[in-house]
Amino acid sequence: MFRYNIEKSIKTSQRLSLLGVLFAACLFGVSLQAQGWEKDFGGAATDEGTSVIQTLDHGFLTVGFSESFGEDNDLDVYVVKTDIDGNIVWSKAYDLGYIEHGYKVLEAADGGFVIVGDIISRFGDSKDLLLLKISKTGELLWHRVYEKSGNQIGWSITKAINGGYIIAGETSDSLEN
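Parameters and conventions
- Residues numbered from 1 in each chain as written.
- Predicted model: local features only at pLDDT ≥ 70, side-chain atom pairs only at ≥ 80, totals over all residues.
- Heavy atoms only, no water.
- pLDDT = per-residue confidence, 0-100.
- Contact = heavy atoms within 4.5 Å.
- Core = buried A, V, L, I, M, F, W, Y, C linked by side-chain atoms within 4.5 Å.
- Buried < 20%, exposed > 50% of the residue type's maximum accessible area, 1.4 Å probe, protein only.
- Helix = DSSP H or I, 4+ residues; strand = E, 2+ residues; numbered from the N terminus.
- Pairing = 2+ DSSP bridges.
- Axes fitted to C-alpha atoms, helices over the stretch in contact; angles between N-to-C directions.

Looking at the chain, pLDDT values average 82 and 77% of them are 70 or higher. Taken as a whole, residues 3-27 scores under 50 in pLDDT and shows 22 contacts with residues more than four places along the chain or in a different chain.

What follows is the structure, encoded as structure tokens:
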């Protein structure tokens, strides 16, 4: 099940800091109220969420991969956009080859989203790094596949100062050229 629990998304260090604030608030009699939600997204087959961001419109965008959607019954990049209360605004599967995974997402300056992951283009091929750009409504704008010998997987992405992107990942290719 493709699941995002907003209350469980706080990192351990942030959780410890938050607990300190909550303790201090209780000690001084401050009343705290917060909105939280938990929703399941996906279908009956294998679905996994790997990254979530809060978007500039205060909603959330979750990326991962799904076997429940798409036409060929394999894993495809799966994206769910929700509003602030967790109601689905749109969801899409992106099938560009045999098997695709989305691992990390970031919001681009134009309001669209950039997703990094991997793709296996044909049965028996190695994994290649996959980079997707989608619009704020989920339309696929472009994609790039970065191939080398061995496996190439993009685990994380961030914006570079020059307007491009920096990708961190994994390779089984030799670093010698």
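More follows now that the structure is in view.
Moving on to the nonpolar core. Grouped together as the largest cluster of nonpolar side chains are 14 residues, with contacts concentrated most on L61, V77, V79, Y94, V105, I115 and I134. Those elements that place two or more of their residues in this core are strand 4 (60-66), strand 5 (76-82), strand 6 (88-94), strand 8 (113-120) and strand 9 (128-134). In this structure, V105 is in contact with S51, I53, L61, V63, F113, V114 and I115, ignoring residues within four places of it in sequence. Core analysis: the second largest hydrophobic core is formed by 7 residues, V114, L129, L131 and I157 among them.

In space, the 4 strands of this open sheet follow the order 3-4-5-6, with antiparallel pairing throughout. On the outer flanks of this sheet lie strand 3 (47-54) and strand 6, each paired with one strand and no other. For this sheet the average axis-to-axis angle between neighbouring strands, irrespective of direction, equals 20 degrees. Across 7 bridges, the pairing between strand 3 and strand 4 is antiparallel. Directly across from V52, in strand 4, lies its bridge partner T62.

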